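Observations on chain architecture
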Protein chains: 2
Amino acid sequence: MREGPDIARIASLVGDPARANMLNALMGGTALTASELALEAGVSLPTASSHLSKLMEGGLLTLASQGRHRYYGLAGPQVAGMIEAITGVAEAVGPKRVRPGPRDGAMRVARVCYDHLAGEQAVAMLDRLVEKDILLRDDREIRLGPSAASHFAAIGIDVDAKPRRPVCRACLDWSVRRSHLAGTLGAAILDKILQEKWARREKDSRAVIFSPPGKQAFDRVFLS
Amino acid sequence: MREGPDIARIASLVGDPARANMLNALMGGTALTASELALEAGVSLPTASSHLSKLMEGGLLTLASQGRHRYYGLAGPQVAGMIEAITGVAEAVGPKRVRPGPRDGAMRVARVCYDHLAGEQAVAMLDRLVEKDILLRDDREIRLGPSAASHFAAIGIDVDAKPRRPVCRACLDWSVRRSHLAGTLGAAILDKILQEKWARREKDSRAVIFSPPGKQAFDRVFLS
DNA sequence: CGCATAGTTCGTTCCTCATCGAAGCATTCT
DNA sequence: AGAATGCTTCGATGAGGAACGAACTATGCG
């Protein structure tokens, strides 16, 4: 019991699934707001806020207030290094089992991942888009194919608008262990799905439930 | 929520104080038995056993059975590296407060550390023994001084017996942050204290309670 | 000014998990 | 063989803490 620094305190902060997901999301290097982190972690905003204040008190995060936004970021490279070390061990000891979160089930099929669609359907969609050369994939990088503009314009999505965010991004899907489509295009597609009422979001959850006709429409447009 | 390896699972294993203490103790590199680890962690043997099986299942420990002894050790350098990383963050964010274990209080004054005495009294004792040149200290290494044999023989402790364990060892005291005396000599001194009934062990605890006359005797022999 | 968005705080509920005593195996000693 | 040691399993207890809804504060927008 030669106890120096309180390692258990720090480890237990990372030891909660919600907090671990938040830290994981912040490993990208960009600071995120409480709402975004709540979405990432799959918890409600009050819960996320509570976790964030714990992480702050533990010294793992920094906070930058900008107007009504509060951007949380990792406290520094040392914290990032620690998380990498833990991640290394975690994948070394092997993927034991996918720990089911509070709300699982339909989530594996389709769910929201921040602002885009994730889950089996999203993975299948990206596969098909790449197969049809509408999107060009090079490992982690995804670019628009020559027919992309016309293809998406046909369903009312403009891929030429240039926001600060990249149009396409690969996002690793935890349930299928393969990538799905993120970026503004991913976000636009999710918008489309919800606007057309092909699916609805489960209340207070990230799950996305397709109606039978909605599923057919989705398959026709993206999986044909 | 791009969840790859289950980092929360690993971190929560380290996140329990008892388990953290065990892992800390194993950072020395030598494998220890369940009993020793129970003592290190300040928990009962059943509790320790439960923790150890969790750490085993989590892949953080290895087990070597030798007869009726079961030696637990860290699973590898990667695990050790992770613990170091966590420790680094823990001391970077500052020693917030010494989290009091289940049983604190008298523990800071005097307690058992495996098989020898720890706490303020033990630290004072080592200081005095070095001051009197009975023991010679060189940083972490402690050797017997020229007068050691006769000094300890006078109180019935034979320092010439040569077991496999070193006679003297420095052991870092978590409550005072300085070293106290371990090794067979440390163990013999604790035996002496208990045999002479200068002190008694608190039931189901590591605390060691000196009686007033016992304290006087101890001071006379070791602190004069 | 209202109204909407972003976040926190409060209070409650609930579940996990750490803890220990007692009893059960297993191994070694005599 | 019996006794002793080392460790694990079982069962019961209890506390900590994760989760959420509702209410509250703060910033920005029209």
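Now for a quick tour of the structure. For every chain, the first residue of the written sequence is number 1, and numbering continues from 1 onward in sequence order. Chains and ligands are labelled sequentially in the order written, the chains with letters from A and the ligands with numbers from 1. Per-residue local features are limited, in this predicted model, to residues with pLDDT of at least 70; the limit for side-chain atom pairs, both in listing and counting, is 80 or more; totals at the level of whole chains, interfaces and linings are taken over all residues. Excluded from the side-chain calculations are hydrogens and water; all other atoms, namely the structure's heavy atoms, are used.

Our focus in this paragraph is the overall build of chain A. Strands are runs of DSSP state E lasting at least two residues, helices are runs of H or I lasting at least four, and both sets are numbered from the N terminus onward. Helices and strands together make up the secondary structure of chain A, namely 10 helices and 11 strands. Burial here depends on accessible area, computed with a 1.4 Å probe over protein chains only, as a share of the maximum for the residue type. Under 20% is buried, over 50% is exposed, and the range in between is partly exposed. Going through the 224 residues of chain A one by one, you find that 46% of them count as buried. Sequence separation of at least 24 residues holds for 52% of the intrachain contacts in chain A that already meet a minimum separation of 6. Accessible surface is estimated by sampling points in the Shrake-Rupley manner with a 1.4 Å probe; for residues, cover comes only from the protein chains shown. Total accessible area computed for chain A in this model is approximately 10,800 Å², and 51% of it derives from carbon and sulfur atoms. In this description, contact between two residues means that some pair of their heavy atoms is separated by no more than 4.5 Å.

The subject of this paragraph is the sheet that holds strand 2 (residues 61–66) of chain B. Residues and elements named next belong to chain B. Strands sit in the order 1-3-2 across an open sheet of 3 strands; the sheet is antiparallel. Each end of this open sheet is capped by a strand with a single partner; those strands are strand 1 (32–33) and strand 2. Paired strands are those between which DSSP finds at least two bridges. Summarising the sheet, strand 1 and strand 3 (residues 69–74) pair through 2 bridges and their orientation is antiparallel. Along strand 3, the bridge assignment pairs Leu 32 with Tyr 72. Lying over the sheet, helix 4 (residues 45–57) contacts strand 2 and strand 3, oriented at roughly 120° with respect to strand 2. For helices, the fitted axis covers only the stretch in contact; all axes are lines through C-alpha atoms, and the angles between them, taken along N-to-C directions, range from 0 to 180 degrees.

Residue and element names in this part refer to chain A. Strand order in this open sheet of 3 strands is 1-3-2, and the pairing throughout is antiparallel. Edge positions in the sheet fall to strand 1 (32–33) and strand 2 (61–66), since each has one partner strand and no second. Here helix 4 (residues 45–57) sits on the sheet and contacts strand 2 and strand 3 (69–74); the angle it forms with strand 2, its principal contact strand, is near 120°.

As a further point, take the side chain of Thr 33 of chain A. Residue and element names in this part refer to chain A. Structurally, the position occupied by Thr 33 is in strand 1. For Thr 33, a relative accessible area of 10% corresponds to the buried category. With sequence-adjacent residues up to four places away left out, Thr 33 is seen in contact with His 69, Arg 70 and Tyr 71.

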